[in-house]
Amino acid sequence: MLFRSDPAARPLISDRVTSEAVPGLSGRLAAKFTLPGTPGAFRSELAIPAEEGLQERWYGARIAVDQITDQAGYIVLQWHAVMGKDKVNRNFPNLAIHQKGDKWVVARAWGTPANIQRATTELPGSVAPDTLTNWVIHAKWATDTQGLIEIWKDGELGYQQKGQNRSEEHTS
């Protein structure tokens, strides 16, 4: 995420989220998330409020990881589910990109809270530690067949899925 205004005006609430200069983009700052591998320190994240309705959105991120993980892996990007009044004791992100071993994996969840459907897809290529990977995500959020998820990794379309991609019961 690139900061467009004065980062000092946006106080950081954790020493795991810092800002630093972006190589090749003079005067720009990026958020750097650090995840220490210690018990109880399982997440560093940036969150935005849920939106009203189902929107079409474009997202972008540059992500570098410092090591190959085990097969349990880590989620590096996710879009939380908004389950509405029928929320159950488990939910899964509507969309997530994981690092699992030396692979990037896309995970999706959709359907009713009582019948959550899930799917995962391994993307082509391998994770390269200490190398920035450029992501562009196009999401047309929908509770019907009109939904669309497209994901580009380093300029190559690596994933495309049409159809429902949000919970049928939602508050936003």
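Refer to the structure presented above.
Just so it is clear, the structure is predicted and the values come from calculations on it, not from any experiment.

1. Examining the overall build of the chain
Regarding its fold elements, the chain presents zero helices and 11 strands. When the helices and strands of the chain are placed in sequence order, the string is β-β-β-β-β-β-β-β-β-β-β. Within the chain, the fraction of its 172 residues that count as buried is 33%. Considering only contacts in the chain between residues 6 or more positions apart, those separated by 24 or more positions represent 51%.

2. Digging into the pairing of strand S8 (residues 115–122)
The pairing of strand S7 (residues 103–112) with S8 spans eight bridges and is antiparallel. From the neighbouring strand, threonine 112 faces S8, where its bridge partner is asparagine 115. Connecting the antiparallel pair S7 and S8 is a turn made up of two residues.

3. Points about the sheet that holds strand S9 (residues 133–140)
Ordered in space as S4-S9-S10-S11, the four strands form an open sheet in which the pairing is antiparallel. Only two strands of the sheet have a single neighbouring strand rather than two, namely strand S4 (56–63) and strand S11 (156–162). Sheet twist, expressed as the average angle between the axes of neighbouring strands with direction ignored, equals 10 degrees. Here strand S10 (residues 148–153) pairs with S11 via six bridges, running antiparallel. Residue pairing for S11: lysine 153 is matched across the bridge by glutamate 156.

4. Some points on the sheet that holds strand S6 (residues 95–100)
The antiparallel open sheet is built from four strands, whose spatial order is S5-S6-S7-S8. The open sheet has two free edges, formed respectively by strand S5 (74–79) and S8, since each of these has just one partner strand. Going across the sheet, the axis of each strand differs from the next one's by a mean of 20 degrees, ignoring polarity. Note that S5 and S6 share five bridges and pair antiparallel. Bridge pairing in S6 places leucine 77 opposite isoleucine 97.

5. Side note on the nonpolar core
Membership of the largest hydrophobic core comes to 18 residues, with the highest contact counts inside it found for Leu77, Leu95, Trp104, Trp135, Ile137 and Ile151. For this core, the secondary structure elements donating two or more residues are S4, S5, S6, S7, S9 and S10. Sort the elements by how many residues they give to this core and S9 lands first, with three residues. Discounting residues that sit within four places of it in the chain, tryptophan 135 has contacts with Tyr59, Gly60, Ala61, Ile63, Leu77, Ile97, Trp104, Leu123, Ile151, Trp152 and Lys153.

Rules behind the numbers
- Residues numbered from 1 in each chain as written.
- Predicted model: local features only at pLDDT ≥ 70, side-chain atom pairs only at ≥ 80, totals over all residues.
- Heavy atoms only, no water.
- Helix = DSSP H or I, 4+ residues; strand = E, 2+ residues; numbered from the N terminus.
- Buried < 20%, exposed > 50% of the residue type's maximum accessible area, 1.4 Å probe, protein only.
- Contact = heavy atoms within 4.5 Å.
- Pairing = 2+ DSSP bridges.
- Axes fitted to C-alpha atoms, helices over the stretch in contact; angles between N-to-C directions.
- Core = buried A, V, L, I, M, F, W, Y, C linked by side-chain atoms within 4.5 Å.

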